[in-house]
Structures are given as C-alpha cells and as structure tokens.
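# Structural characterization, general
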Amino acid sequence: AHQQAVVFELPVFYYSQQLIDYFGVKGLLTIAQLLYATRVWAYTYVPKGRFLGGYWLFLALEPSHAFVFASMWSAAVEYARRIAPVEHQGTMQ
C-alpha cells in the first residue's frame with residue numbers, strides 16, 4: 001500500500017515548487033486541508049457489510065492522500081524556510 005502511495009506522491013513532490021508559485025504557500029496548505037476534510041467526510045459514505053462494495057469507493061478516495069501529504073509537507077517546509085533566519089533554516093524543518 002505504501003509503495004502505491006509513493007507513486008502518487010512523487011509527481012506532487014516533483015512539481016511542488018510550481019504548485020507553491022501558482023497557489024502560494026497558504027493557498028496550497030488550504031487546498032490540502034480542504035481535500036483532507038473532504039476525503040475524511042467521504043469515508044463516512046463507504047458502505048459497510050457488503051462484499052467488496054465499499055472498497056471501491058475507498059480505493060477511489062485513497063490517491064487523494066498522496067496529494068494531501070505531498071502538498072502539505074512541501075508547503076510547510078517552504079513556509080518554515082521563509083520565516084526562519086538563514087542560520088536556523090536547517091533546524092526549522
């Protein structure tokens with residue numbers, strides 16, 4: 001499962017600077033938080049007790065975790081880099 005998540009995270013990490021340039025740090029953090037809340041809310045609609053019925057919805061939602069994880073950490077590290085004094089940038093992360 002973790003190997004599959006990494007496959008979806010790699011492109012987000014690769015294009016993270018372009019995403020930060022386009023949306024901004026706070027914008028990207030906001031998008032990640034909204035997508036996380038939407039995904040968790042959607043999990044409440046996964047049917048229980050059916051043979052494989054709810055797993056398809058779960059599998060459809062799970063790749064969004066990769067975007068949330070990668071974009072949140074990329075934006076958070078960039079924010080820490082911006083607010084940290086030059087001599088403490090390595091320890092802010």
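Residues numbered from 1 in each chain as written. Predicted model: local features only at pLDDT ≥ 70, side-chain atom pairs only at ≥ 80, totals over all residues. Heavy atoms only, no water.

## Description of the nonpolar core
Heads up, the condition is: The set of buried Ala, Val, Leu, Ile, Met, Phe, Trp, Tyr and Cys residues whose side-chain atoms join them within 4.5 Å is what this entry labels a nonpolar core. Burial classes: relative accessible area under 20% of the type maximum marks a residue as buried, over 50% as exposed, and values in between as partly exposed (1.4 Å probe, protein chains only). Per the convention used, a helix needs a DSSP run of H or I reaching at least four residues, while a strand needs a run of E reaching at least two, with both numbered from the N terminus. We call two residues in contact whenever any of their non-hydrogen atoms come within 4.5 Å of each other.
Formed by Val 12, Leu 19, Ile 20, Val 25, Leu 28, Ala 70 and Ala 75, the largest nonpolar core amounts to seven residues. Where this core is concerned, the elements lending two or more residues are helix 2 (16-23), helix 3 (25-43) and helix 5 (63-83). If we skip the residues at most four places from it in the chain, Val 25 touches Ile 20, Ala 75, Glu 78, Tyr 79 and Arg 82.

## Considerations on the pattern of salt bridges
Rules: Within this document, salt bridges are pairs made up of a side-chain nitrogen of Lys or Arg and a carboxyl oxygen of Asp or Glu, the two lying within 4 Å of each other.
In the structure shown here, the tally under the stated rule is two salt bridges. Of the charged contacts in the structure, one is a salt bridge between Glu 78 and Arg 82, with a shortest N-O distance of 2.9 Å. Here Glu 78 and its partner Arg 82 are both found in helix 5, four residues apart, which amounts to about one turn of the helix.

## Structural notes on the environment of Trp 73
Within the fold, Trp 73 resides in helix 5. Since its relative accessible area comes to 42%, Trp 73 is described here as partly exposed. Remark: the alpha-carbon pair of Trp 73 and Ser 16, spanning 57 residues in sequence, is separated by 9.6 Å.

## Some thoughts on a nonpolar patch on the surface
Which entries qualify depends on this criterion: Patch definition: residues with relative accessible area over 30% and no salt bridge; like charges joined within 9 Å; nonpolar side chains (Val, Leu, Ile, Met, Phe, Trp, Tyr) joined within 5 Å. Here, Shrake-Rupley sampling with a 1.4 Å probe gives the accessible areas, and only protein chains in the shown set may cover a residue.
Taken together, the side chains of Phe 13, Phe 69 and Trp 73 define a hydrophobic patch exposed on the protein surface, amounting to about 280 Å² of accessible area. The exposure class of Phe 69 is partly exposed, given its relative accessible area of 33%.

## Comments concerning helix 3
Convention followed: Expected helix span is computed as 1.5 Å times (number of residues minus one). The directions considered for the arc run from the helix axis to the C-beta atoms.
For helix 3, spanning 19 residues, the distance from its first C-alpha to its last is 27 Å, which sits close to the expected 27 Å at 1.5 Å a residue. Residues of helix 3 that are buried: Val 25, Leu 28, Ala 32, Arg 39 and Ala 42. The buried residues of helix 3 occupy an angular sector of 125° when the element is viewed end-on, so they sit on one face. Opposite the buried face of helix 3, at more than 90 degrees from it, the exposed residues are Lys 26, Gln 33, Leu 34 and Trp 41.

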